[in-house]
Amino acid sequence: MSSKGQFGKGHEVPVQHQKVPGLESKLDPAPIYDQLPTGDGKYQPYKAAGKLSGKRALITGGDSGIGRSIAILYAMEGASSLIAYLPEEEEDAQETKRLVEAKGGKIWLKSTDLKERGNCKDVVEAAVEKLGGLDVLVNNHAYQMMVEDIKDLDEEQWLHTFNTNIHPFFYLSKYALPHMTPGSAIINNASINAYIGRPDLLDYTSTKGAIVAFTRGLSNQYVGKGIRVNAVAPGPVWTPLIPATMTEEKQRQFTSPMGRPSQPSEIATVFVFLAGPDSSSISGQTIHANGGTVVNG
Ligand SMILES: NC(=O)c1ccc[n+]([C@@H]2O[C@H](COP(=O)([O-])OP(=O)(O)OC[C@H]3O[C@@H](n4cnc5c(N)ncnc54)[C@H](O)[C@@H]3O)[C@@H](O)[C@H]2O)c1
């Protein structure tokens, strides 16, 4: 493979800027979505094993970053998907479609603003109609913007972040669950920030804490009905969210105890695990794919 997208130990993220929500097509180096690091600075192709054969998945924020990699690995594992994303990201979504189809997968696209409750309902209905049912809901989309001090964090941003990051997780789960049967799974994308209490992303960090608690409560409602609900809490991951929302200084510090940010593929593998039978006894949990930061919970 090319050296694009590789972060060796001590390798800094090249500082760059984008407008929110950020496009993967403009990200340099390009993130890695279907290969995994071997530990010696090289990458090997993801090896699929039919783990999600016949599954039907709705993936929010599936156009780019972690969501794109989830759509691609799900396709490689035999699942079909519908991805939802903001209209500004049509270009990234079309590229994800191309990449999924190149792997022989089936994918449908729906651009929409999930802050609107009605749009959450429409997306679930579109997924059920196009896919012929629904077995996996991946709540993955999010908004963040850095503000150092609560005094400068305006009320509108606080509401916008909650309206984007947590309320749709409730709506989408509520509308999706009546279509799900035993063996189905909901997987929520949280963040390391809920556990370390990141100060410059107070609103975002608060929504991610809510997602962890939502995951636990919803699991306790549905685990007895055979539907598992889990979360993933990534650390730094190289996606368009970063240059669109982080200052130059914070981009320079964007690393983990492994000495590099993770690639989307390293997080997407956890979403494969949690959607399929390999995680059949796991529910209500959060998996910390964070590059080695030890956290409690
Ligand atoms: N990148 C990281 O370092 C990191 C770390 C921890 C957690 N996460 C989480 O990973 C998830 C995916 O983010 P990513 O880093 O892959 O970035 P990304 O920018 O590639 O994906 C975010 C997606 O959210 C979607 N989105 C945002 N607002 C929306 C709205 N109102 N309606 C519909 N879609 C909307 C966008 O379409 C976008 O594709 C997020 O939940 C994020 O919080 C990322």
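Higher on the page you've got the structure.
Residues numbered from 1 in each chain as written. Predicted model: local features only at pLDDT ≥ 70, side-chain atom pairs only at ≥ 80, totals over all residues. Heavy atoms only, no water.

**Notes on the sheet that holds strand β5 (residues 107-111)**
Phase 1: In space, the seven strands of this open sheet follow the order β5-β4-β3-β6-β7-β8-β9, with parallel pairing throughout. Where the open sheet ends on each side, the last strands, each with one partner, are β5 and β9 (286-287).
Phase 2: Its contacts with the sheet place helix α2 (residues 90-102) against β4 (80-85) and β5, and it is angled at close to 175° to β5.
Phase 3: Docked against the sheet, helix α10 (residues 264-275) engages β6 (136-139), β7 (185-189), β8 (228-232) and β9, running at close to 170° with respect to β8. (Pairing = 2+ DSSP bridges. Helix = DSSP H or I, 4+ residues; strand = E, 2+ residues; numbered from the N terminus. Contact = heavy atoms within 4.5 Å. Axes fitted to C-alpha atoms, helices over the stretch in contact; angles between N-to-C directions.)

**A few points about the nonpolar core**
Phase 1: By size, the foremost hydrophobic cluster in this structure holds 32 residues, and its most contacted members are I59, I70, Y74, I187, V232 and F271.
Phase 2: For this core, the secondary-structure elements that each account for two or more residues are β3 (56-60), α1 (65-76), β4, α2, β6 and α10.
Phase 3: Here I59 is in contact with G67, I70, A71, Y74, S81, L82, I83, A84 and V138, once residues within four sequence places are set aside.
Phase 4: Counting residues in each nonpolar core, the second largest holds 31 residues, with L131, F162, F169 and Y171 among its members. (Core = buried A, V, L, I, M, F, W, Y, C linked by side-chain atoms within 4.5 Å. Buried < 20%, exposed > 50% of the residue type's maximum accessible area, 1.4 Å probe, protein only.)

**Examining the pattern of salt bridges**
Phase 1: For the structure shown, the criterion picks out 14 salt bridges.
Phase 2: Put simply, R68 and D92 hold a salt bridge, and the shortest N to O gap is 3.9 Å. In this pair, R68 sits in helix α1 while D92 sits in helix α2, placing the two residues 24 residues apart along the sequence.
Phase 3: Taking the relative accessible area as the measure of exposure, R68 reaches 4% and is therefore buried.
Phase 4: With its nearest N and O atoms 2.6 Å apart, the salt bridge here joins D200 to K250. Pair noted here: D200 is in the loop between α6 (193-196) and α7 (202-222) and K250 is in helix α9 (residues 248-252), with a separation of 50 residues, a long-range link.
Phase 5: Since its relative accessible area comes to 4%, D200 is described here as buried.
Phase 6: In the salt-bridge network here, residues are joined through shared partners; they are E148, R198, D200 and K250. (Salt bridge = Lys/Arg side-chain N within 4 Å of Asp/Glu carboxyl O.)

**Describing the site of the ligand**
Phase 1: D63, S64, E89, Y204 and T239 are the nearest of the 31 residues found near the ligand.
Phase 2: For the ligand, an oxygen atom lies 2.4 Å from a polar atom in the side chain of D63.
Phase 3: Of all elements in the fold, only α1, α7 and α8 (241-245) reach the threshold of two or more residues within the shell around the ligand.
Phase 4: Split by residue class, the shell around the ligand holds 15 nonpolar, eleven polar and five charged. (Near = heavy atom within 4 Å. Polar contact = N/O pair within 3.5 Å; in protein donor to acceptor, adjacent residues only side chain to side chain. Nonpolar A, V, L, I, M, F, W, Y, C, P; charged D, E, K, R; others polar.)

**Points about the side chain of N189**
Phase 1: Of note, N189 is situated in strand β7.
Phase 2: The exposure class of N189 is buried, given its relative accessible area of 4%.
Phase 3: Looking at N189, its side chain comes within polar contact range of the side chain of N140, at 2.8 Å.
Phase 4: Those residues in contact with N189, other than ones at most four positions away along the chain, are I66, N139, N140, F169, K208, I211, V232, P234 and F271.

**Examining helix α5 (residues 167-176)**
A turn of α-helix holds 3.6 residues, and therefore any two residues three or four places apart point the same way.
Phase 1: Of all ten residues in α5, seven are buried; the element is thus mostly enclosed.
Phase 2: Every buried residue belonging to α5 is among P168, F169, Y171, L172, S173, Y175 and A176, and all of these are buried.
Phase 3: Looking at the buried residues of α5, the elements they touch are β3, α3 (117-131), β6, α4 (155-165), β7 and α7.

**As for the pairing of β6**
On a regular strand, one side chain projects to one face of the sheet and the next to the other, so that they alternate.
Phase 1: Burial along β6 is two-sided: the face carrying V136 and V138 and the face carrying L137 and N139 are both buried.
Phase 2: Pairing geometry for β3 and β6, over three bridges, is parallel. Directly across from L58, in β6, lies its bridge partner L137.
Phase 3: Of the strand pairs in this sheet, β6 and β7 are connected by four bridges, and their pairing is parallel. Bridged to L137 within β7 is I186.

**Side note on unusual backbone geometry**
Phase 1: Here the residue pair V20 and P21 is connected by a cis peptide bond, since its omega of 10° sits within 30 degrees of zero.
Phase 2: Here D28 and P29 are connected by a cis peptide whose omega angle stands at 5°.
Phase 3: With respect to the element layout, P29 can be found in the segment before β1 (35-37).

**Looking at the side chain of S256**
Phase 1: Its location among the elements puts S256 in the loop between α9 and α10.
Phase 2: By relative accessible area, S256 is classed as buried at 11%.
Phase 3: Looking at S256, its side chain comes within polar contact range of the main-chain oxygen of R260, at 2.8 Å.
Phase 4: Within the structure, the side chain of S256 is placed 3.5 Å from the backbone oxygen of G291, a separation counted as a polar contact.
Phase 5: Aside from chain neighbours lying at most four places away, what touches S256 is P236, N290 and G291.

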